[in-house]
Structure formats: C-alpha cells, structure tokens
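# Report on the structure
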Amino acid sequence: MDTSVPQNEISQRLLPKHLKSLEAESIEIMREVFAEFKAPVMLYSIGKDSAVMLHLAIKAFHPARLPFPLLHVDTTWKFREMIAFRDETVGRLGINLIVHVNEDGLARGIGPIASGSSVHTQIMKTEALKQALDLHGFDAAFGGARRDEEKSRAKERIFSFRSQGHAWDPRNQRPELWNLFNTRIRPGETIRVFPLSNWTELDIWHYITLEDIPVVPLYFAKRRPVVRRDGAWIMVDDDRLPLAPGEQVEMRRVRFRTLGCYPLTGAIESDAITLEDIVSEMRSTRLSERQGRLIDSDETASMEKKKREGYF
Amino acid sequence: MDGVDVPAGQAGKELLRFLTCGSVDDGKSTLIGRLLHDSKQIFQDQLSALARDSARYGTTGGHVDLALLVDGLEAEREQGITIDVAYRFFSTSKRSFIVADTPGHEQYTRNMATGASKADLAVLLIDARKGVLVQTRRHSLICSLLGLRHVVLAVNKIDLVSYDSDIFERIVSQYRAFASELGFSSIAAIPISARNGDNVMRRSDQTSWYRGPTLLDYLETVDVTQEMTGKPFRFPVQWVNRPGPDFRGYAGTVASGTIGVGDPITAAGSGQTSRVKELITYDGPQSSAQAGDAITLTLTSEIDISRGDLLVSPASDTEISDQFAAHIIWMSDQALMPGRSYLARIGTRTTPITVTGIKYRIDVNTREHLATHTLGLNDIGFCNLSTGTPVAFDPYEQNRKTGSFIMIDRLTNHTLGAGMIAFGLRRGTNIHWQATLIGKAERAAHKHQRPAIIWLTGLSGAGKSTIANMVERQLHAAGHHTMMLDGDNVRHGLNRDLGFTEPDRVENIRRAGEVAKLMVDAGLIVLCSFISPYRAEREAVRRLVADGEFVEVFVDTPIDECAKRDPKGLYAKAKAGEIKNFTGFDAPYEAPENPEIHLQTIGQQPEQLAQRLVRTLTELGIVG
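Residues numbered from 1 in each chain as written. Chains lettered and ligands numbered in written order. Predicted model: local features only at pLDDT ≥ 70, side-chain atom pairs only at ≥ 80, totals over all residues. Heavy atoms only, no water.

## Concerning the overall build of chain B
What chain B contains, in helices and strands, is 15 helices and 27 strands. Within chain B, buried positions represent 58% of all 624 residues. Sequence-distant contacts, at least 24 apart, represent 72% of the contacts inside chain B between residues at least 6 apart. (Helix = DSSP H or I, 4+ residues; strand = E, 2+ residues; numbered from the N terminus. Buried < 20%, exposed > 50% of the residue type's maximum accessible area, 1.4 Å probe, protein only. Contact = heavy atoms within 4.5 Å.)

Written out as structure tokens, the structure reads:
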C-alpha cells in the first residue's frame, strides 16, 4: 500500500459541515468517473482550483495512488512561477503529468501578443486541449470549473457530454437527477466532468487554508514588475512583453486572483501575504474573480461561445 | 461575501440546497437576484454588466433588472425566460446555500424535477395578484413526488396589492387546503416583494400584520436534516479499491444511517454477512461514519462484493425484487414504450429495465389519473417495471437515495426518465429458472447445425417473406431443421390482440422475439420476417440470444418501389387514408445501421438474393 503523504503528519481537522459536504460530493464524482470510464485524465491548470481538485483526487482514491494522469495544456505563456510550482508538485506527489503544447500553433507563431487573446486562446488552449484528448484517447476529463464563476457555467452539468468534435450543446444537456449520473458514451464521444461545480471561490480558499494545500506563490502579494495596460496591472514575467510608447515598468505590491497566460492576466494591488489575508481581502472586494481575465470580457456571452467550441 | 469568518475547526456552518419554483412571471429569477444582491454576492463588474444588460433586455423600465443576473444563456436573455436549471450560491454566517433556479413553463417540468431531486426545501412563489394558479399546483405536485417535505410559500409582489393582509391570508388558506394531501411536513407562508426587498432579508415596515420570520431568517434556521442519519444503514458500493494483494476496500458514500467499526453488514441480494474492520479516509481511520460521508471500508472476512452492490445493516434489510411499481417522470421527446428494453441506473448498479405496464398517467394540473399507453415528454405516470437482475431498494418515500433511478436509452445513451419506486411486486419472486439437462448446444448438435435467428426487416412489400420462403426451402432441402415466423401469420394467433400503434408494434416484436428464442433453444434455424420498424426492438431480440445467433438481414427496397409492387394492396389503402400507422407513410421505419446482411432488391431477382443469403449463412458457419 503506497500513500503519498505520511499519515502520521495529518492532524484530524474538523471541516465546517458545508465544506465536508462539498468534499464528499467531489470525491463521489471522482470515484464514479474512475469506476465507469476507460481512460480518465485530470486537467491541471496549476491554479488554486486545480490544487484543490488534485488534493480531493488523492483523498478519493486513498490508499491507492492517483489512478490517472494529470494533463497540463501549456500555452508557453504561463508565468514562470506556475511552471516551477507545477514541476515541484508532481515531483513531491510522484504523479504522472502529461504536458501538451500545440506545436503546430507554436510553429505558426501564435501567441497572445502576436495574435490577440481570442486567437491565442482558441489555438493554444481549446485546440491544444482537443489535440491532447484525441492523441491519448482520453474518454473523460476532469476540469476545475465552478458554477459561480460565470453565468453559462452555472447551467452546465457536472457530467458534461461532448460530441465527437468535443462540442458542447447547451440546449441538449442530459438531465442530472439525484446523484445518479449517466456516464454512458459511444466510441469517440467524451465527457468533461466538473467535481468542483458547487464550490464557490470563498469555499476554495477556506478549504486551502484548513487543509494546508500548497498554492502558487503568485496568489500572495509581493513587489513585482508590472505595467498598466487596459486598466489592469500586467506583470512583466519575461522579455517577451513589448512595451507600448509611454508604458513604464514599475515595481508594485500585487497579487493574482486567477492565473492564466501572463500577458492576459491582470494583477490586483494588495497587501495579502497569508491565506487569512486573502480570505479577508475577498470579503471586502467588490470585483469578481474573472474580472482579471482579459479573455472573458470580449462580450457578455463570450464564455458560452468558447465553451460550445470545446473550451473548458 | 459573507460577513463573518468561519474559524478553522468550527463545524457549525451547514449547507442548505433549495429550489425556487412557481408560475412564469411570479418573480423567481428576481427573487434569487435579490438574495444574491442583498447578501453582497454581486461584484461591481457584474453590476455594471447588469446595468448594460438591463438597458438592452430589461423589463423593469430603466431600473436594474435583477432577473438578468441569473438568466445566463443567450437565448434566455433574449426570450426573458429561464430554460434550464441554473445553480446559484450565496452564504451567510449561519449557512451556505445552493439554489436551483428552475423554469416555470409546463414544457420544462423535467428541468424542475431535476432541480427538486437534489433539494431539501422548495421556495414556491405566488403572485399576490393572481393567487394559486395551475402551475402552482403542478409544481407542488412535482415537489411532493420528488420527496420534498418543506415548502416556503413566498407570496410575492405583496407591494402590488397594497400590502393587504386579507389577500395574503386568503391565498395561504387556499394553498393549505390544496396541499393537505401532498404530504408536506411544513409550509411556511411569507409575504414578500422580491423587487423591493420586503421580508426577503429585511423586515418590511409595510407588513406589520405579519409576525413570522423574513425569508432569509427562515432559510437560515429551518431544520431539514432529513433524518437521513437516523435511517437504516445503506451503502452503495461505488468502487473496489485494490491497490495491492493485501488490501481490499469498498469505496462509496454512505446513503443513509451510520456505521461503526465492528458493526455487522449484509450484502443485499446475496445475503452474505461480515463485519466492518476499518473505516478508512485520507485523514486517518475513523471510528464511525454517517450519511453523506465518502469513505472506504474494509471487512473482517472476504465476501463477494463488487460495484453495484448495496451493503446494508442486517437489522433492517431492503426489499429485493426484479419487479416493482414506480412513478416515472418522462424527459424525452421519444415516448416511453412499454415492453421496450432500457437501461436503469439504481444506486451504483446499471441493469436492463422494461416498463411492463402503465397503470395511469397523472394530470399534473388536476391530479386526475388518466389511462394511457405511453408517456410523452414531461408526463408523469405510475408504472410496473421489470429489471434484468433483482435489485435492492427502499421505497422512495422512505429513502430518496435507494429508491430513485434514471432510465437511459440503449442506443443513444440519452437520459430518458427518472423514477421513484413505490413498492416491490411479488409476482416474479416465486418463479425460478428451471435448469434443463439437455441444452441448446446438444439439441443443435443432433441436427448438425448451429441454431440462429435470421431476422429479415424492411418495409411492407419489400420482399421479406418471398426471400425467407426461398431460403427456408433450400435449407430444408439440405437437411437443416428450420422454422418460419412470419409477421402476418403471427398476428392471426399469438398477437391477434395487438394493433399497429407504436406500443403495440413494440409488444408484437417482443413476443415474436421470445418465441424465436425458444426455438433457438430447441436448436432450430428460425427465419423471421417482420417489418420491425424500430431499431431498439430488433436490438432487444438480438440480446435475447447468444453472440452470433442473431443475423439481421435488411431487405432494402425503396418505398416507391414497394408502393408500385403493393402485393397486398396496402399502399393503395394507406394512400386513401383507410389504414393508419402504416410504416413508411405515417409511421417511421428506422433502417438498420449495421445489418449482418444488406440486400438491395432493386434490379435483383428474389432467387439471387436468397442465394446470397444462404452463402452468407454458410460463411457465418450457421449452415454447413
């Protein structure tokens, strides 16, 4: 019997009842997928939701090891600290990680700066994800999306059925009653599964705090080189970010609420340096989490549109 | 966000799942928008998007339209209706809430049932100006069927009736009279204005005559703990965890009751018993677990348990039967067909299931029982069902987790319906399979052949019987022992009580298939020519016999050609409107997707086609 974390180091923590319910629900969903599908994979995007999802998966299959691989779709524009954290995490937990890059898109020079956010997301995230799922023949993919993130997510099922081209049809979703999930698919079809559907952003941070789950240091405030662009603070993570005339790199005390491709992810000015600080900052903030994501704000229904095309 | 911290280690804060329902325009979405807004769940950037959207789609004449916060999908914003269940989240210092916002229109009954299936409580909205409507009654009935026991009657738009207590009281007593037979254990009536916020979170100074709690006060304190913990122990085995030879754990979520180390358990069905050795979680071994806990348990002795089994407390066993009566909510455009084989998901088990009879359909508006042969989209019926294997269950009224099931289409895999078991039927339990000493292999070996069903399907007049007759003559001449079942002939005797409606066609093929199967058991080669228009029934016959024993032959003649030949004069009658439900005319024909043999008849003589069929049967090893 192999356990990835020494049991004697885990103290008995009492979770509040609502987090315990959410935890149990997520574990049930994960076990269901592994019992019913041939080749599941867990999408790992390195952020806080992925961290919680991975933690829950380890709990779900304990004392067995994580019985499926993680998949990171790398756009090559992630923060360097994210990649370092990813590699440290899989090394520490001894997990099988698949990193997929859309090499064709890379060869065509697709990037957030050269191509704009929408083309970059389409080619380097959505297309890349489909490539990776097809390449490895995965029939079920876990994603860390939550229903409180965005309006069209609020109506997505926990088991979200995808046709052969990975497309989502919001008008033709399977009804989901009780905890009886219809997991049946035909060859070539796949299912995306969202075990964190019913968690909120605050639940995620509470859980991270109570369970001591490591997260990328970018979530904590620190003086970082940033530039003001379209009303957001963009971090200058490497020398690929061209500066427009008049743009000045400044050192500011900032942190991130969500993590993505660095040129598309806005930081907020903050003094939150501990998890407790983050939770209390969240309580007072008046801006939503995805507000920092430049790729969502094209138009109100843009997330639904991306999802129909196969975005997570 | 919520204003009070949850200190680590404090286990008090609970989760309450409720749904909002009620008639169209009673203000469901506005109420949820109000709850989110007043509990400060709406962020500034969302509010500015809302202001933009209100100007474009809003129905509140320039004011911010809170309903737009929750009507998420494009089509909904355009049509101003909620077409799917949306889940919303908010929390206070006392509780976290998950709200299912469900559609009001009759054509979305299924979506409402979906929302209700997971809810602990229903907030039923009534427009104070309109009172109890047909939809109010329908939603109450659905809530009751889905096992909800707590209802909040939110009499909305109280501001539009001048906060009149008489109107409120009249609606409440009217509703209580109606709901008295629905089995709700509590009905809390609250006068509110979702648009203005009266009695939602803040006590209204306009309703001094109302002494009860505000809606939020009530939601924060109502006790809905559903007594799941107090019920008998039920544990559907989800997955057997075997990381190595020295560990075998059964992973799952406790459906009801509690379990402790050392407690005895029984595997329902096999009746084998053992005791709990350990309750394992990642956070260390536990001494006990209760309803809702996701655990892995090990047993003191090895008994045969796999996914789909139900572990129960020996003191109170479940019912076990392969036949039971249940309420079914049908959720598909494709009608429910008695006799057709579907798949059911009950607990963690998947099993074939057939509706053997529909006792009645319930008129959701009047609660009347109506006779019917099928159930259509959004219909609710009370049915007898039969499963492929015996299943362990509790009546839904006693246990929502072990008394519920969903029905799945075998071909498309769509979720077609949801069921709630009422009681087991005893009729099947005393009829056991009699093992026979001579099997079909022995019988067939005697005849030097492999038994099989040769199933010819196609339109009326396609040439099925002509070809089948020629094939049978040849096989007979070669010394094979054959039998012919012809659709027309069977309808003169065995199936003389059946007509040509969809349910009758389903039953026609089911019986023919069972007869053909008996003949295969007798070692015969059975030639069957039936129009058999539905893929599902042909597949059901295929599943009756072993792999390789069912040969589907598609006699493919275009309808124009069939009508031209018209050997029985039926096409002429159908054209004249003298025959109803004629396949290819006003009844569908679902062509085989992968038949073993595809015979295109245009330009071919029946003799050639018969030859080809015999050749293929030889290649398949059915005849020598």
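## Digging into the overall build of chain A
Across its full length, chain A carries 9 helices and 10 strands. Relative to its full complement of 312 residues, chain A shows a buried share of 63%. Taking contacts inside chain A between residues at least 6 apart in sequence as the whole, the part at least 24 apart equals 74%.

## Focus on the packing of aromatic side chains
What characterises a pair of aromatic rings is the spacing of the ring centres plus the angle enclosed by the ring planes. This structure, assessed with the given rule, holds 30 aromatic pairs over all chains. Note on Phe233(B) and Phe235(B): the rings are 6.2 Å apart at their centroids and 10 degrees apart in plane angle, and the pair reads as stacked. You'll find Phe233(B) and Phe235(B) in the same group, each marked buried. Among the aromatic residues, those joined into a ring-pair cluster are Phe34(A), Phe61(A), Phe68(A), Phe142(A) and Trp239(B). Seen from the ring of Phe178(B), Arg137(B) lies directly overhead, with NZ or CZ sitting 5.9 Å from the centre. A cation over an aromatic ring shows up here: Arg340(B) above the ring of Tyr534(B), its NZ or CZ 5.2 Å from the ring centre. (Phe/Tyr/Trp six-rings, centres within 6.5 Å; stacked < 30°, edge-to-face > 60°. Lys NZ or Arg CZ within 6 Å of the ring centre and 35° of its normal.)

## A closer look at the sheet that holds strand E2 (residues 86-91) of chain B
Residue and element names in this part refer to chain B. Here 6 strands make up an open sheet; going across it, the order is E2-E3-E1-E4-E5-E6 and the pairing mixed. One side of each edge strand has no neighbouring strand; the edge strands of this open sheet are E2 and strand E6 (186-191). Between one strand axis and the next, the sheet turns by 25 degrees as a mean value, whatever way the strands run. On top of the sheet, helix H4 (residues 109-117) reaches strand E1 (14-22), E2 and strand E3 (95-101); it is set at about 160 degrees to E1, its chief contact. (Pairing = 2+ DSSP bridges. Axes fitted to C-alpha atoms, helices over the stretch in contact; angles between N-to-C directions.)

## Overview of the packing of helix H1 (residues 17-36) of chain A against helix H7 (residues 201-211) of chain A
All names here are of chain A. Interhelical geometry of H1 versus H7 gives an angle of 95 degrees and a closest axis separation of 11 Å. Our classification of the angle between H1 and H7 gives roughly perpendicular. Counted together, His18, Leu19, Leu22 and Glu23 of H1 and Asp203, His206, Tyr207, Leu210 and Glu211 of H7 form the full contact between these two elements. Within the contact of H1 with H7, the residues separate by chemical class into 4 nonpolar, 2 polar and 3 charged. (Parallel < 35°, antiparallel > 145°, perpendicular 65-115°, else oblique. Nonpolar A, V, L, I, M, F, W, Y, C, P; charged D, E, K, R; others polar.)

## Thoughts on the nonpolar core
Grouped together as the largest cluster of nonpolar side chains are 132 residues, with contacts concentrated most on Leu19(B), Leu146(B) and Tyr175(B). In terms of residue count, helix H2 (residues 48-61) of chain A provides more of this core than any other element does, 9 residues in total. Excluding residues within four positions of it along the chain, Leu146(B) makes contact with Trp178(A), Ala113(B), Ala116(B), Ser117(B), Ile329(B), Tyr396(B), Arg400(B) and Met420(B). (Core = buried A, V, L, I, M, F, W, Y, C linked by side-chain atoms within 4.5 Å.)

## Quick notes on the sheet that holds strand E9 (residues 250-255) of chain A
Residue and element names in this part refer to chain A. Within the closed barrel, the 4 strands sit side by side as E7-E8-E10-E9. Their pairing is antiparallel. Pairwise comparison of adjacent strand axes, ignoring direction, gives a mean angle of 70 degrees for this sheet. Pairing between strand E7 (residues 222-229) and E9: 5 bridges, direction antiparallel. Counted as the bridge partner of proline 225 is methionine 251 from E9.

## Topic: the domain arrangement of chain B
Residues and elements named next belong to chain B. One can read the domain layout of chain B as domain 1 (15-221), domain 2 (228-312), domain 3 (319-427) and domain 4 (440-619). At the interface, 24 residues of domain 1 touch 14 residues of domain 3. Interface area, domain 1 with domain 3, both sides summed: about 1,600 Å², of which 57% is carbon and sulfur. Of all residues in domain 1, Arg110, Leu141 and Leu145 give up the largest surface area on contact with domain 3, accounting jointly for 37% of the area buried on that side. Inspection of the region where domain 1 meets domain 3 yields 1 salt bridge. Where glutamate 181 meets arginine 367, a salt bridge forms, and the shortest distance between an N and an O atom there is 3.5 Å. Linking domain 1 with domain 3 are 8 residue pairs in polar contact (both at pLDDT 80 or more), by the criterion used here. (Domains from an automatic or database assignment. Buried area = accessible area lost by both parts, 1.4 Å probe. Salt bridge = Lys/Arg side-chain N within 4 Å of Asp/Glu carboxyl O. Polar contact = N/O pair within 3.5 Å; in protein donor to acceptor, adjacent residues only side chain to side chain.)

## Details of the pairing of E6(B)
Residue and element names in this part refer to chain B. Counting buried positions along E6 gives 6 out of 6 residues, so the element sits mostly inside the fold. Here E6 shows no split at all, with Ser186, Ala188 and Ile190 on one side and Ile187, Ala189 and Pro191 on the other all buried. With 6 bridges joining them, strand E5 (residues 150-156) and E6 adopt parallel strand pairing. Paired with valine 151 across the bridge in E6 is isoleucine 187.

## Here we look at the pairing of strand E23 (residues 452-457) of chain B
Counted residue by residue, E23(B) has 6 buried out of 6 residues, so it is predominantly covered. Taking every second residue as pointing to the same face, both faces of E23(B) are buried, with Ala452(B), Ile454(B) and Leu456(B) on one and Ile453(B), Trp455(B) and Thr457(B) on the other.

## Examining H1(A)
When the terminal C-alpha atoms of H1(A) are compared, their 29 Å separation across 20 residues agrees well with the 28 Å that a helix rising 1.5 Å per residue should span. Across the 20 residues that make up H1(A), a large majority, 14, are buried. (Expected span 1.5 Å × (residues − 1).)

## Examining the side chain of Ser50(A)
All names here are of chain A. Locating serine 50 in the fold gives a position in helix H2. Classification of serine 50 by relative accessible area gives buried; the value is 4%. Among all residues touching serine 50, those that are not within four sequence positions of it are Leu43, Tyr44 and Ser45.

## Some points on the environment of Lys38(A)
Residue and element names in this part refer to chain A. Examined against the element boundaries, lysine 38 turns out to sit in the loop between H1 and strand E1 (40-43). For lysine 38, a relative accessible area of 81% translates into the label exposed. The spatial distance from the C-alpha of lysine 38 to the C-alpha of threonine 89 is 26 Å, given a sequence separation of 51 residues.

## Side note on the pattern of salt bridges
In the structure shown here, the tally under the stated rule is 49 salt bridges over all chains. One salt bridge connects Lys17(A) with Glu14(B), and the closest N-O pair in it is separated by 3.6 Å. With Lys17(A) in helix H1 and Glu14(B) in strand E1, this pair bridges two chains. Look at Lys17(A) and you get partly exposed, because its relative accessible area is 44%. Each member of the salt-bridge network shares a partner with another, and the members are Arg538(B), Glu539(B), Arg542(B), Glu552(B) and Glu596(B).

## Here's the deal with the state of the cysteines
Here, disulfide denotes a covalent bond that connects the sulfur atoms of two cysteines. Going through the model one piece at a time under the given rule, you end up with 0 disulfides over all chains. Between Cys528(B), a free cysteine, and Cys562(B), which holds the nearest cysteine sulfur, the sulfur-to-sulfur gap is 20 Å. (Disulfide = S-S within 2.5 Å.)

## Re the side chain of Ser270(A)
Residues and elements named next belong to chain A. Inspection of the secondary structure assignment puts serine 270 in the loop between strand E10 (266-269) and helix H8 (275-284). Taking relative accessible area as the criterion, serine 270 reaches 5% and is therefore assigned buried. A polar contact is formed between the side chain of serine 270 and the backbone nitrogen of alanine 272, at a distance of 2.9 Å. Reaching out from serine 270, the side chain makes a polar contact with the side chain of glutamate 281 at a distance of 2.4 Å. Residues in contact with serine 270, not counting those within four places in the same chain, are Ala221, Arg253, Val254, Arg255 and Glu281.

## What about the confidence of the model for chain B?
Residue and element names in this part refer to chain B. For chain B, per-residue confidence averages 87 on the pLDDT scale, and 90% of positions sit at 70 or higher. Least confident of the elements in chain B is helix H3 (residues 74-79), whose mean pLDDT is 46; most confident is strand E21 (residues 404-408), at 98. Every residue in residues 1-10 is under pLDDT 50, and counting partners more than four places away or in other chains gives 27 contacts. This stretch, residues 73-82, has a pLDDT under 50; its non-local contacts, to residues over four places away or in other chains, come to 33 contacts. (pLDDT = per-residue confidence, 0-100.)

## Some remarks on helix H3 (residues 80-93) of chain A
Taking 1.5 Å per residue, 14 residues should reach 20 Å; H3(A) reaches 20 Å between its end C-alpha atoms and fits that length. Those residues of H3(A) that are buried are in contact with H2, strand E2 (70-73) and strand E3 (97-100) of chain A.

## What to know about the confidence of the model for chain A
All names here are of chain A. Chain-level pLDDT for chain A is 88 on average; 87% of the residues reach the 70-or-more range. Confidence, expressed as mean pLDDT per element, reaches its minimum in chain A at helix H9 (residues 302-308) with 65 and its maximum at E1 with 98. Throughout residues 1-12 the model reports pLDDT below 50, and contacts reaching past four residues in sequence, or to other chains, amount to 22 contacts. Of the regions scoring below 50 in pLDDT, residues 295-301 engages in 19 contacts with residues more than four places distant in sequence or in other chains.

## Topic: unusual backbone geometry
Across the junction of His62(A) and Pro63(A), the peptide omega takes the value 5 degrees, indicating a cis bond. Tracing the backbone through its elements, the reader meets Pro63(A) in the loop between H2 and E2. You will see that Asp566(B), though not glycine, has its phi angle at about 35 degrees, which is positive. By the element assignment, Asp566(B) lies in the loop between helix H13 (559-565) and helix H14 (570-575). Given the relative accessible area of 16%, Asp566(B) is considered buried.

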